Amino acid sequence: MFKTFFKVGLPLALCWATGVAAELAPEPIPSVATLPKTYPDTWLFAHDANFHSLIAGKVVIVDVAADSQEVKGMIDAAQMATFAESKHQPVLFVAESFYARNTRGERTDVVTVYDKSSLKVIDEILLPNTNRGQTVTNKNAMQLIDDDKFLLIYGFTPAQSIIVIDTKTREVVNDVSIAGCALAFPVGQRGFMSLCSNGAMLSVQLDEKGQEISRKQHEPFFNVDQDPLFDKAVFDDTTAYFISYQGKIQPIDISGEEPKVLPGWSLVNEAEQGDNWRPGGWQISALDKQGHLYVVMHENGYDGSHKFGGETIWKFDVKSQTKVAQLSLKDNAFSIEVTHSKTPYLAVTNVNMGLDVYSVEGKFQRYINVSDTAMPIILHAGKH
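The rules we used
Residues numbered from 1 in each chain as written. Predicted model: local features only at pLDDT ≥ 70, side-chain atom pairs only at ≥ 80, totals over all residues. Heavy atoms only, no water. Helix = DSSP H or I, 4+ residues; strand = E, 2+ residues; numbered from the N terminus. Rg over C-alpha atoms; globule rule 2.2 N^0.38 Å. Buried < 20%, exposed > 50% of the residue type's maximum accessible area, 1.4 Å probe, protein only. Areas by Shrake-Rupley, 256 points an atom, 1.4 Å probe, with all protein chains shown as cover. Lys, Arg positive; Asp, Glu negative; His and termini not counted. Charge placed at Lys NZ, Arg CZ, Asp CG, Glu CD. Phe/Tyr/Trp six-rings, centres within 6.5 Å; stacked < 30°, edge-to-face > 60°. Pairing = 2+ DSSP bridges. Axes fitted to C-alpha atoms, helices over the stretch in contact; angles between N-to-C directions. Polar contact = N/O pair within 3.5 Å; in protein donor to acceptor, adjacent residues only side chain to side chain. pLDDT = per-residue confidence, 0-100. Contact = heavy atoms within 4.5 Å. Salt bridge = Lys/Arg side-chain N within 4 Å of Asp/Glu carboxyl O.

Helices and strands together make up the secondary structure of the protein, namely three helices and 29 strands. In terms of overall size, the protein behaves like a compact globule, its C-alpha atoms giving a radius of gyration of 23 Å where 384 residues would be expected to give roughly 21 Å. Reported as C-alpha extents along the three principal axes, the dimensions of the protein are approximately 85 × 50 × 40 Å. By the burial criterion, 54% of the 384 residues in the protein qualify as buried. About 18,100 Å² of surface is accessible on the protein, with carbon and sulfur atoms providing 51% of the total. Of the charged side chains in the protein, 34 are positive and 46 negative; the average position of the first set lies 4 Å away from that of the second.

Looking now at the packing of aromatic side chains. Overall, the coordinates contain 12 aromatic pairs when judged by the stated rule. A ring pair is formed by Phe-185 and Phe-242, whose centres lie 5.1 Å apart and whose planes are at 65°; its orientation type is edge-to-face. Of this pair, Phe-185 sits in strand 12 (residues 181-187) while Phe-242 sits in strand 17 (residues 239-243), and the two are 57 residues apart along the sequence. Its relative accessible area of 0% is what places Phe-185 among the buried residues. Given the relative accessible area of 0%, Phe-242 is considered buried.

A few words now on unusual backbone geometry. Put simply, Ile-29 and Pro-30 share a cis peptide bond, and its omega is 0°. Here Pro-30 lies in the loop between helix 2 (10-17) and strand 1 (43-48). Unlike most non-glycine residues, Asp-146 shows phi in positive territory, near 55°. Along the chain, Asp-146 falls in the loop between strand 8 (142-145) and strand 9 (150-156). For Leu-183, which is not a glycine, the phi torsion comes out positive at approximately 70°. Overall, the relative accessible area of 6% leaves Leu-183 in the buried class.

Taken in spatial order, the four strands make up an open sheet running 12-13-14-15, and their pairing is antiparallel. With partners counted over all chains shown, the strands left at the sheet margins are strand 12 and strand 15 (212-217), one partner each. When the angles between neighbouring strand axes are averaged without regard to direction, this sheet yields 20°.

This next bit is on the side chain of Gln-283. Tracing the backbone shows Gln-283 in the loop between strand 21 (278-279) and strand 22 (285-287). Side-chain polar atoms of Gln-283 contact the backbone oxygen of Ile-336, separated by 2.7 Å.

Let us look at the confidence of the model for the protein. Reading fine detail from the predicted coordinates is not recommended where pLDDT is low. Across the protein, the average pLDDT comes to 90, with 91% of residues at 70 or higher. pLDDT under 50 marks residues 1-17. Its contacts with residues more than four places away, or in other chains, come to eight contacts. This model gives residues 380-384 a pLDDT under 50, and the stretch forms 19 contacts once residues within four places in sequence are excluded.

Structurally, the position occupied by Arg-132 is in the loop between strand 7 (121-126) and strand 8. Summary of buried charges: Arg-132 has no salt-bridge partner, and the nearest side chain of opposite charge, Asp-109, is 4.8 Å away. At 2.8 Å, the side chain of Arg-132 forms a polar contact with the backbone oxygen of Gln-79. Polar contacts involving the side chain of Arg-132 include one to the side chain of Ser-97, which spans 3.1 Å.

So, on to the pairing of strand 9. For strand 9, the tally of buried residues reaches six of seven residues, placing the bulk of the element in the interior. Linking two consecutive strands that pair antiparallel, namely strand 8 and strand 9, is a turn of four residues; a positive phi of about 55° is found at Asp-146 within it. Judged from the seven bridges that link them, strand 9 and strand 10 (residues 160-166) form a sheet pairing that is antiparallel. Within strand 10, the residue paired with Tyr-154 across the bridge is Ile-162. Count of turn residues in the strand 9/strand 10 antiparallel hairpin: three residues.

Moving on, we get to the sheet that holds strand 11 (residues 171-177). Read across the sheet, four strands follow the order 8-9-10-11 without closing on themselves; strand pairing throughout is antiparallel. Both outer strands of the open sheet, strand 8 and strand 11, are each paired with one neighbouring strand and no more. When strand polarity is set aside, the average angle formed by the axes of neighbouring strands in this sheet is 25°.

Here is the structure:
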C-alpha cells in the first residue's frame, strides 16, 4: 500500500478518503524511443558546452518547427567537445577529453561514435597523441570530407595540426602539421585549408588513404591587425564566405583542389559605416539554400565589440551582394543558424542562451529552453 501511495501521490490518497477506488495502468519498463536514421530537415543540434561544469557538456537534438516535444534526444559532449554529424553513415561523432580524476590526472582524448537512432555509444576512437584542441564550440574544429570518409580534428598542444581519422576503419591515419595556422575548412573533394596568423591560408590535399599529397602556403589576403576575419565561415557547394570584424565579406572558391580568393564586398554602406554598424557574436552568420546570408549586427561598434552579439540580423543576397531585409529580434543575438527545410527557420541563441526561433522573414515563432548555455551549431546543410 505504501509503495503504491508514494508512486501516485496525493490524488490517489484523496480517492481513498472518499471511498472511490482508482487504478492507473502500469507504464511499460523499459520505455525507450528511437529516432530516424535520417533526421528531418527542421532538426538542428544545439551544443550545450555547460560553462558551469565543462566535464558534463552535451549536444541536444532539437526540432525548431515543433510546438511541443521539441527536444528529441541528447548525447554527452565532455570537456570543450567538438561535434559532427555524418550524412552518409547513420552515426554522430563527438571528440572529447576525459581526466582520470574528473578535473585532473591522466588525460584521454577520444572520438565517441553514437548511433543516430538509439543515441547509444557504438565505438570509441582513441587519439593516441592526446592533442585534440580544446576550444569553445567551433564547427571548423571538426569537419567531415570526402563523402564523410575522413574526419578532420584540430589539434593543439600548442603545436597545431589536423588529425585525420578514417571513419570506415575508425582509425587515426594521419596527423598533418599546420604550424602557425588553425582549424580545417573543407576544400575540393579531399582537402582542407587553414587560416594562418599572418593573414594567409594553408591548403592541403589528401589521397584516398588520408596521406598528404600536396600543400600550398598562400599569400596573405587579409590584414590581421586592421581588419581580421572571423574564423567561422559559412559554405555553399562552391564558396566559403568569411566575414571581417568591420563587416566585409571575403568569399573563397573551394570547388577545386586549391582555394582561390575572390573579390570581396561590404555588408555596410557609407551611412551605416558612419553609425559603426558591425557584425558580432559567436556563430555570427548562416546561409540558406536560396543564397541568402544572415549576419548578426550591432550599432556603435568598436574594436573589441566583435563578441557582443547584436540586436538585429541583416539578410543579404550573395549573388547581387545587396541587403534585402533587416530583421528585428526580441532579444540580443549571440549565435544563429538556419534550416534547409522547405519552410526554413532561423534559430537564434539569445544572450540568455535560450533558442528563439523565427521565420526567415523575421516573425517570431517560439522559444525553446535547451539549457543554460546552448549554442545552435550544425544542421543538415548540404555538402559542407
